[in-house]
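As a plain string of letters, each chain reads:
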Amino acid sequence: MSARVDTLDTEVGFVPLGVTCRGVVLIYRLEGYDVVALAGVDLDIAPGESVALVGPSGAGKSTLLSLMSGVLRPSAGRLHVGELDLVRAGPAEVQRLRAVDVGVSLQGSARNLLPYLTCEQNVRFAQRAARSHGRRPPDPTVILDDVGLLAKRRAEPGELAPGERQRLAFAVALAARPGLLLLDEPTNQLDEHSRDEVLEVLHRLHAAGTTVVVVTHDIEVGAALGRTVTIRDGRVGAEGRRGEDYSVVGRDGSVHLPTELLDRLPPGTLVKIASDADGTIRLVPALEGGNR
Ligand SMILES: Nc1ncnc2c1ncn2[C@@H]1O[C@H](COP(=O)(O)OP(=O)(O)OP(=O)(O)O)[C@@H](O)[C@H]1O
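Sequence order as written defines the numbering, with residues in each chain counted from 1. Given that this is a predicted model, residues contribute local features only at a pLDDT of at least 70 and side-chain atom pairs are listed and counted only at 80 or more, while totals for whole chains, interfaces and linings are drawn from all residues. To get the side-chain values, all heavy atoms of the structure are used, and hydrogens and water are removed first.

Topic: the overall build of the protein chain
Put simply, the rule reads: Every helix listed is a DSSP run of H or I at least four residues long, and every strand listed is a run of E at least two residues long, numbered separately from the N terminus. Any residue under 20% of the maximum accessible area for its type is buried, any over 50% is exposed, and the rest in between are partly exposed; the area is computed with a 1.4 Å probe on protein chains only. Residue contacts follow a heavy-atom distance rule, with two residues in contact if any of their heavy atoms lie within 4.5 Å. Only the protein chains shown count as cover for residues, and the accessible areas themselves come from Shrake-Rupley with a 1.4 Å probe. For the purpose of charge, His is not counted, nor are the chain termini; Lys and Arg are scored as positive and Asp and Glu as negative. Charge coordinates come from a single atom per side chain, which is NZ of Lys, CZ of Arg, CG of Asp or CD of Glu.
A count of helices and strands for the protein chain gives ten helices and 13 strands. Along the longest, intermediate and shortest principal axes, the C-alpha atoms of the protein chain span 80 × 45 × 45 Å. Relative to its full complement of 292 residues, the protein chain shows a buried share of 45%. Summarising the internal contacts of the protein chain: among those between residues at least 6 apart in sequence, 62% fall at separations of at least 24. Split by element, the accessible area of the protein chain, about 15500 Å² in all, is 52% carbon and sulfur. Here the protein chain contributes 33 positive and 38 negative side-chain charges, whose respective centroids are spaced 5 Å apart.

Dropping the structure here:
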């Protein structure tokens, strides 16, 4: 079959997927103790939206990504990817989600690639699961063109520059034309030029309608995506939208203070919450002696 026919076949079928999290909890059960990695995440990501998940190390970002990809199942709460209820879904539905609907690029581009296959063969290999679910993905050259690697289609991953390798990892994640793309630290250890190339591909994917969720420590990646969601202590603590920062009120009524305020209001500080007539809400620390 010619590449052209393959391409035409699959123009149909690509549907951007949204994500809905309601009180999502994830507990890792270890021998003798449990780790609560997510403690009630509430988050809506619209189909076609680009979102950066940011926050301190160990906050639960990668865990949230693994839940969205169906690798982990929530311990409690509700999680939908598109129409699929990932708490109730059976193994076959989760398998289909992972084969067809969600593309994942793990931290460290090499982990996503087979070193002895060419770029084109890597993408073709990644399409096997989708094909076995009846999907006819585009020819690999089309996917490689999308990430600017068509000229390198016969190269092996070891022959690529770091930024190119990362873009090949994107191509592998995009191989089945998924509606949701999940990327863990895609710009880690890249120089500025390679990072810009990666950002440009992210922009193009967003413009094409793919929902993109990126875990990143890179402030510029967050800024480039338009919406940043800060995960702190296993829940959504803050959001940045179009350059404005907001704290997020949790379902228990709690609000994470911005870290710079924590120096002035350390844990245990007594505060009065004053609501002014003009709608302003103020935190007023208790006078000396009133603090613990
Ligand atoms: N497989 C696992 N088994 C047990 N605990 C885990 C496992 N994976 C993660 N954790 C713990 O869950 C919590 C959240 O980890 P996670 O990797 O999701 O955070 P993160 O925000 O992605 O961190 P980083 O930015 O360092 O990657 C941490 O306390 C971590 O030690």
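Section: the site of the ligand
Formally: A cutoff of 4 Å decides nearness: a residue is near a molecule or strand if any of its heavy atoms lies inside that distance of it. In protein, a polar contact requires one atom able to donate a hydrogen and another able to accept it; more generally it is a pair of N or O atoms within 3.5 Å, and residues adjacent in sequence count only if both atoms are side-chain atoms. All amino acids are sorted into three groups, where Ala, Val, Leu, Ile, Met, Phe, Trp, Tyr, Cys and Pro are nonpolar, Asp, Glu, Lys and Arg are charged, and the leftover types, Gly among them, are polar.
Taken together, the neighbourhood of the ligand is formed by 13 residues, with Ser 57, Gly 58, Lys 61, Ser 62 and Thr 63 sitting nearest. Between the ligand and Ser 57 there is a distance of 2.5 Å, counted from an oxygen atom to a side-chain nitrogen or oxygen. Within the side chain of Thr 63, a nitrogen or oxygen atom sits 2.5 Å from an oxygen atom of the ligand. Notes on the ligand: free accessible area 630 Å², of which the protein chains cover 63%. If you tally residues by element for the shell around the ligand, the top one is helix α2 (residues 61-68), at three residues. Looking at the shell around the ligand residue by residue, the classes come out as six nonpolar, six polar and one charged.

A word on the confidence of the model for the protein chain
Selection rule: Think of pLDDT as the predictor's per-residue confidence, scored from 0 to 100.
Per-residue pLDDT for the protein chain averages 87, and the proportion of residues at 70 or more is 93%. Contacts for the low-pLDDT stretch residues 1-12, under 50 throughout, to residues beyond four places or in other chains number 14 contacts.

Looking at the sheet that holds strand β7 (residues 180-184)
As a reminder, the rule being used: When DSSP finds at least two bridges between two strands, those strands are taken to pair. A fitted line through C-alpha atoms serves as each axis, taken over the contacting stretch for helices, and the angle formed by two N-to-C directions is quoted from 0 to 180°.
The strand order across the open sheet formed by seven strands is β6-β7-β8-β3-β9-β10-β11, and the pairing between neighbours is mixed. For this open sheet the edge positions go to β6 (102-105) and β11 (244-247), each flanked by a neighbour on one side alone. Within this sheet the neighbouring strands show an average axis-to-axis angle of 20°, counted without direction. Bridging between strand β9 (residues 227-232) and strand β10 (residues 235-241) involves six bridges; their strand directions are antiparallel. If you follow Thr 230 over to β10, its bridge partner there is Ala 238. Against the sheet, helix α8 (residues 192-207) makes contact with β3 (50-54), β7 and β8 (211-215), and its axis sits at roughly 145° relative to β8, the strand it touches most.

Description of the packing of helix α4 (residues 119-126) against helix α7 (residues 162-173)
Note the threshold: What sets the label is the angle itself: under 35 degrees gives roughly parallel, over 145 gives roughly antiparallel, 65 to 115 gives roughly perpendicular, and the rest give oblique. Here is the rule for handedness: rotate from the far helix to the near one, and if that takes an anticlockwise turn smaller than a right angle the crossing is left-handed, while a clockwise turn gives right-handed.
It is the contact of α4 with α7, at a shortest axis distance of 8 Å, that shows an interaxial angle of 30°. If you check the angle between α4 and α7, you find them roughly parallel. The two elements α4 and α7 cross, and the hand of that crossing is right-handed. In this structure, α4 contributes Cys 119, Asn 122, Val 123 and Ala 126 to the contact, and α7 contributes Leu 168, Ala 171 and Val 172. For the contact of α4 with α7, a count of residues per class yields six nonpolar, one polar and no charged.

Thoughts on the nonpolar core
If you look at soluble globular proteins, the nonpolar side chains tend to sit buried side by side. Test applied: Buried Ala, Val, Leu, Ile, Met, Phe, Trp, Tyr and Cys residues form a nonpolar core when they are joined through side-chain atoms within 4.5 Å.
In terms of nonpolar packing, the biggest core is built from 32 residues, with Leu 43, Leu 53 and Leu 64 touching the most fellow members. Here the element with the most residues in this core is strand β2 (residues 33-45); it accounts for five residues. In contact with Leu 64, not counting residues within four places along its chain, are Cys 21, Leu 38, Val 41, Leu 43, Leu 53 and Ile 231. Judged by nonpolar contacts, the second largest core, of 30 residues, contains Phe 170, Ala 173, Ala 175 and Leu 181.

Some remarks on the environment of Gly 60
Relative to the helices and strands, Gly 60 is located in the loop between β3 and α2. Sequence separation of Gly 60 and Ala 224 is 164 residues, and the distance between their C-alpha atoms is 22 Å. Setting aside anything within four residues of it in sequence, one finds Gly 60 in contact with Ala 37, Leu 38 and Ile 231.

Quick word on the sheet that holds strand β4 (residues 76-81)
Across the sheet, which stays open at both edges, the four strands sit in the order β2-β1-β4-β5 with antiparallel pairing between neighbours. Every other strand in the sheet has two partners, leaving β2 and β5 (84-85) as the edge strands with one partner each. Sheet analysis places β4 next to β5, joined by two bridges and oriented antiparallel. The residue bridging Val 81 from the neighbouring strand is Leu 84, located in β5. On the sheet, α2 packs against β1 (19-30), β2 and β4 and is oriented at approximately 65° with respect to β2.

Regarding the pattern of salt bridges
To be explicit about the condition: Any carboxyl oxygen of Asp or Glu that lies within 4 Å of a side-chain nitrogen of Lys or Arg is treated as forming a salt bridge with it.
Taken as a whole, this structure holds 17 salt bridges when the rule is applied. When the shortest N-O distance is used, the salt bridge between Asp 85 and Arg 88 registers 3.8 Å. With relative accessibility at 71%, the residue Arg 88 sits in the exposed group.

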